[in-house]
Amino acid sequence: MKVLLIGATGNLGIRLVAALLTHGHSVVAFVRSSKKLESLLPASVFHQIAVVQGDATDAVLIKRAILDAGCDAVVNAAGLAAMAPWGKSELPAIFHAVVNAVREAGMERKKPLRAWFLAGLGVLYYPGSESMLSDYIPIYLEHRQNLYLLRSLPPDALDWSVLCPSTMTPESSDISVPTENSCGQLIANATTPPLWQDSWMKHIPLIGKTLLCAMNAGRYETTLEQNADFVASDLESYESRWSGTTVGVIDGSK
Ligand SMILES: NC(=O)c1ccc[n+]([C@@H]2O[C@H](COP(=O)([O-])OP(=O)(O)OC[C@H]3O[C@@H](n4cnc5c(N)ncnc54)[C@H](OP(=O)(O)O)[C@@H]3O)[C@@H](O)[C@H]2O)c1
């Protein structure tokens, strides 16, 4: 597919460039600074991609970039959610602009685009309930409003998925194509975290489920490379089992 990658200079973004190329996609990187992207990538990788400069809060520019390059899919890795419940970041404005741009581009080309967005573990449901994990540990709450925006769209507006990792760490600082990841593939699950470890402790009044969320959280650490590979691999097909859903991931090899 031809993929518009927004936020290609980020920790995940640069690894997405490599993973997308490795999986045979064409990459159009949408970044604030082409020079910065060039400094982060080996020349051999940088020369394989097209670059559009702009701000990710500019929906008109993003839509133009999609239509001018003839992109079939968009991955948004731009913006970083504020951790504290009272914190504010640019992520909701970026998310809003990207959703509008992708939606309008889909209408103009008369075919909805495929799009991957990023959120965090907190927007997944506590297994067996309709409460989000962030109801128990209220951090990175901006992801919730982003998800509500996607869920409020008409079903055929865009073909979205939301990857919901916990902390992602770098496996390596080397960016190469094809990628050489030593970690295994992720195990994924729609709407709830995969392989959740349950305990009688959840029945402790008031704090039981919060304790379980805290106990489980560390198990969901994955690498940036694993997540980049997961998205790039899913985009190999127009049909995705993750359409219209949040996706939790865990490193099954741990
Ligand atoms: N890292 C984690 O452990 C983790 C875990 C769960 C979820 N997530 C989510 O995953 C996403 C990516 O994380 P990350 O660690 O890769 O973040 P990051 O390294 O901070 O990268 C953020 C990217 O967003 C770009 N950006 C910010 N504002 C922009 C704007 N107005 N216009 C265009 N680009 C803009 C930055 O570009 P510049 O280079 O120009 O600043 C950078 O490329 C975030 O949404 C984050 O909340 C991250």
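Look up: the structure comes first, before these words.
Here the structure is a predicted model, which means the values were calculated and not measured. (Residues numbered from 1 in each chain as written. Predicted model: local features only at pLDDT ≥ 70, side-chain atom pairs only at ≥ 80, totals over all residues. Heavy atoms only, no water.)

Visitor: Looking at this structure, I do not really get the nonpolar core. What am I missing?
Guide: Generally speaking, a soluble globular protein has its nonpolar side chains buried in company with each other. Judged by nonpolar contacts, the single largest core of 41 residues is most densely connected at Leu4, Ile6, Ile66, Val74 and Phe117. At the level of secondary structure, the elements contributing two or more residues to this core comprise β1 (2-6), β2 (26-31), α4 (59-69), α5 (91-108), β5 (114-118), α6 (142-151), β6 (159-164) and α7 (208-217). In terms of residues, this core owes the most to one element, α5, which gives 7 residues. In terms of nonpolar packing, the next biggest core, distinct from the first, is built from 38 residues, Ala73, Leu186, Val231 and Val247 among them. (Core = buried A, V, L, I, M, F, W, Y, C linked by side-chain atoms within 4.5 Å. Buried < 20%, exposed > 50% of the residue type's maximum accessible area, 1.4 Å probe, protein only. Helix = DSSP H or I, 4+ residues; strand = E, 2+ residues; numbered from the N terminus.)

Visitor: Could you clarify how one ought to interpret the site of the ligand in this entry?
Guide: Taken together, 23 residues surround the ligand, and among them Thr9, Arg32, Lys36, Ala56 and Met168 come closest. Within the backbone of Ala81, an N or O atom sits 3.3 Å from an oxygen atom of the ligand. Note that an oxygen atom of the ligand is positioned 2.8 Å from one of the backbone N or O atoms of Met168. Among the residues making up the shell around the ligand, the classes are represented as 11 nonpolar, 8 polar and 4 charged. (Near = heavy atom within 4 Å. Polar contact = N/O pair within 3.5 Å; in protein donor to acceptor, adjacent residues only side chain to side chain. Nonpolar A, V, L, I, M, F, W, Y, C, P; charged D, E, K, R; others polar.)

Visitor: Help me understand unusual backbone geometry in this model?
Guide: A negative phi holds for most residues other than glycine; trans holds for most peptide bonds. A cis amide bond, omega 0°, links Val177 with the succeeding residue Pro178. At Tyr140, a residue that is not glycine, the phi angle is positive and equals roughly 50°. Of note, Tyr140 is situated in the loop between β5 and α6. Phi is positive for Leu195, which is not a glycine, with a value near 55°. As for its position among the elements, Leu195 is in the loop between β8 (186-190) and α7.

Visitor: What is the right way to look at the environment of Gly10 in this model?
Guide: Looking at the secondary structure, you find Gly10 in the loop between β1 and α1 (11-22). Overall, Gly10 belongs to the partly exposed group, its relative accessible area being 25%. Taking the C-alpha atoms as reference, Gly10 lies 9.5 Å from Val31; in sequence the two are 21 residues apart.

Visitor: How should the sheet that holds strand β3 (residues 50-53) be read in this particular structure?
Guide: Strand pairing in a sheet relies on backbone hydrogen bonds. The paired strands run either parallel or antiparallel. Strand order in the open sheet formed by 8 strands is β3-β2-β1-β4-β5-β6-β10-β8, with mixed pairing between adjacent strands. The open sheet has two edge strands, β3 and β8, and neither has a second partner. Taken over all neighbouring pairs, the strand axes of this sheet differ in orientation by 20° on average, direction set aside. With 4 bridges connecting them, β1 and strand β4 (residues 73-76) associate as parallel partners. Bridged to Leu5 within β4 is Val75. Across the face of the sheet, α5 comes into contact with β1, β4 and β5 while running at roughly 175° to β5. (Pairing = 2+ DSSP bridges. Axes fitted to C-alpha atoms, helices over the stretch in contact; angles between N-to-C directions. Contact = heavy atoms within 4.5 Å.)

Visitor: What is the right way to read a nonpolar patch on the surface from this model?
Guide: On the surface, Leu206, Ile207, Leu211 and Met215 cluster together to form a nonpolar patch covering roughly 440 Å² of accessible area. In this structure, Leu206 sits in the loop between β8 and α7. For Leu206, a relative accessible area of 87% gives the class exposed. (Patch = residues over 30% accessible without salt bridge, like charges linked within 9 Å, V, L, I, M, F, W, Y side chains within 5 Å. Areas by Shrake-Rupley, 256 points an atom, 1.4 Å probe, with all protein chains shown as cover. Salt bridge = Lys/Arg side-chain N within 4 Å of Asp/Glu carboxyl O.)

Visitor: Would you mind going over the packing of aromatic side chains with me for this structure?
Guide: Counted under the stated rule, the structure contains 6 aromatic pairs. Here the aromatic rings of Phe95 and Phe117 are separated by 4.7 Å at their centres, their planes lie at 40°, and the arrangement is tilted. Placement of the pair is Phe95 in helix α5 and Phe117 in strand β5, with a sequence separation of 22 residues. The interplanar angle of 65° and the centroid separation of 5.5 Å between the aromatic rings of Tyr126 and Tyr136 together place this pair among those described as edge-to-face. In this pair, Tyr126 sits in the loop between β5 and α6 while Tyr136 sits in the loop between β5 and α6, placing the two residues 10 residues apart along the sequence. With a relative accessible area of 22%, Tyr136 lands in the partly exposed category. Following the ring pairs from residue to residue traces out a cluster consisting of Tyr126, Tyr136, Trp196 and Tyr220. We note Lys111 situated over the ring of Tyr238; from NZ or CZ to the ring centre the distance is 4.8 Å. Across from the ring centre of Tyr126, 5.1 Å away, lies the NZ or CZ of Lys209, which sits over that ring. (Phe/Tyr/Trp six-rings, centres within 6.5 Å; stacked < 30°, edge-to-face > 60°. Lys NZ or Arg CZ within 6 Å of the ring centre and 35° of its normal.)

In short, shape yes, function no, at least from these values alone.
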